[in-house]
Amino acid sequence: MSALRDAGTRFRKRLLRAEPNFSLLSKLWRINWLYVLLICALAGVGYIALYSAAGGSAHPYAAPQAFRFGIGVILMITVALMPLKFLTRLALPLYIVSLALLILVLRMGHVGKGAERWIIIGGMQVQPSEYAKIALTLMLATWFHRISWKRMGNPLWLIPPALMTLVPVALVLKEPNLGTSVIIGGIGATMFFAAGMRLWQILIICLPVPLLLKIAYAHLHDYQRARITTFLHPESDPLGAGYNIIQSRIALGSGGMWGQGYLNGSQGQLNFLPEKQTDFIFTMLAEEWGYVGGISVICLLLLLILGGMFMAIRSRNRFGRLLAFGVSVNFFLYCLVNLSMVMGAIPVGGVPLPLISYGGSAMLNVMLGFGLLMSSWVHRDSRFGETEENKSELP
């Protein structure tokens, strides 16, 4: 026991070494507890929705999800106390581990709905593609933190971060998981923009995009092509590929202004609505709570996104600012893809709604991201390892 205590003491001292003026209590005080309250409120909405998805029971969805959220809160606060300099040292090891897990899932992953997306670690099912998002965000923030604005103008300095982004995108596409690969690519692209990529560089990168999309479409699986065809013409196969989106639209429309009432949604409670506990949980919410309830949930999601962007702007450290921005973009893309998907604006892609949809990997990934976001806020006034040019860019 004494050895464990000594190890814990050494670890705590290492965490606090980069911030000698911050005690553990002062760091806890600096956490944005209003933001934590918003997170808890959204998780509460998820519990209520999952309770309804199970027909008025805490099992098998709501209770396990609440337990995972509790673990996630502990994880979030623990990460929030870690100094930014310590996080930069973790970036490369975590990125390498995430790539190793993505490769492992291709070789011995669990097959579900035509894709290899999960592996079993310690008796728990893990989806490595979820953690790859956070690992990439941390790695790109570290890379761009260490190079100057002048170097950003040299394309050679952009090749390593481009490869850092493309490798996990390719591995996730191989599973295949189109929705998550799009989110990972979107995170990488926005991190480039936030780091100060020149406009002419962005235009050059955008030129081959139509050709790349054509090549990507040629390599899609049959079910993925069917999703695109169904997106354009869902009525062509109402009982097959078009069933999900048709039922989703019916549920959204039947909710009306005020909804059919909690536990009284016709499409959800009669099991016409597919995947109501995961991908299409917002549809079930809108059916039971109506337009007003749906807009309220969207406003809550928007507050979390804007709050994250605000914390990114307030950071006086380039790494913290990029890290907070990347985490906020990750959360935004989660919401955008899921909500667009269930409303029929984009093809169905299997992306959950954060903190509301059932799923352990997605929940812990989101809470880990919020921990990184909170760390950037707690240590927003710290500066380290920056060029004089980058320091002059910060307020």
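Below: a short report on this structure.

Calculation rules
Residues numbered from 1 in each chain as written. Predicted model: local features only at pLDDT ≥ 70, side-chain atom pairs only at ≥ 80, totals over all residues. Heavy atoms only, no water. Phe/Tyr/Trp six-rings, centres within 6.5 Å; stacked < 30°, edge-to-face > 60°. Helix = DSSP H or I, 4+ residues; strand = E, 2+ residues; numbered from the N terminus. Buried < 20%, exposed > 50% of the residue type's maximum accessible area, 1.4 Å probe, protein only. Lys NZ or Arg CZ within 6 Å of the ring centre and 35° of its normal. Polar contact = N/O pair within 3.5 Å; in protein donor to acceptor, adjacent residues only side chain to side chain. Salt bridge = Lys/Arg side-chain N within 4 Å of Asp/Glu carboxyl O. Expected span 1.5 Å × (residues − 1).

Considering the packing of aromatic side chains
Thought 1: With the rule as written, the count across this model stands at 6 aromatic pairs.
Thought 2: Considering the side-chain rings of Tyr35 and Phe370, the 5.8 Å spacing of their centres and the 75° angle between planes classify their relative orientation as edge-to-face. Here Tyr35, found in helix 3 (residues 33–53), pairs with Phe370, found in helix 17 (residues 360–378); they are 335 residues apart in sequence, far enough to count as distant.
Thought 3: For the ring pair Phe310 and Trp377, a centre distance of 6.0 Å and an interplane angle of 40° mean the geometry is tilted. One end of the pair, Phe310, is in helix 15 (residues 281–314); the other, Trp377, is in helix 17, with 67 residues separating them in the sequence.
Thought 4: What makes Phe310 partly exposed here is its relative accessible area of 41%.
Thought 5: For Trp377, a relative accessible area of 9% puts it in the buried group.
Thought 6: Sitting above the plane of the Trp377 ring, Arg380 keeps its charged end 4.0 Å from the centroid.

What about the side chain of Ser382?
Thought 1: You can see Ser382 is positioned in the loop between helix 17 and helix 18 (388–393).
Thought 2: Take Ser382: its relative accessible area is 11%, and that puts it in the buried class.
Thought 3: Engagement of the side chain of Ser382 in a polar contact is seen with the backbone oxygen of His379, the distance being 2.8 Å.

Notes on the pattern of salt bridges
Thought 1: Applying the stated criterion to the full structure yields 2 salt bridges.
Thought 2: A salt bridge links Asp381 to Arg30; its shortest N-O distance comes to 3.4 Å. With Asp381 in the loop between helix 17 and helix 18 and Arg30 in helix 2 (residues 24–30), the pair connects residues that are 351 residues apart, well separated along the chain.

Some remarks on helix 6 (residues 128–145)
Thought 1: Across its 18 residues, helix 6 extends 26 Å between first and last C-alpha, which sits within 8% of the 26 Å expected from 1.5 Å per residue.
Thought 2: By the criterion of burial, helix 6 is predominantly enclosed, with 16 of the 18 residues buried.

A word on unusual backbone geometry
Thought 1: Cis peptide bonds are those with omega within 30 degrees of zero, and the linkage from His59 to Pro60 qualifies with 10°.
Thought 2: Within the secondary structure layout, Pro60 lies in the loop between helix 3 and helix 4 (62–80).
Thought 3: A positive phi angle, close to 45°, is found at Glu275, a residue other than glycine.
Thought 4: Along the chain, Glu275 turns up in the loop between helix 14 (266–269) and helix 15.
Thought 5: Not every positive phi belongs to a glycine, and Leu355 is a case in point at roughly 70°.
Thought 6: Residue position: Leu355 is located in the loop between helix 16 (318–342) and helix 17.
Thought 7: Taking relative accessible area as the criterion, Leu355 reaches 4% and is therefore assigned buried.

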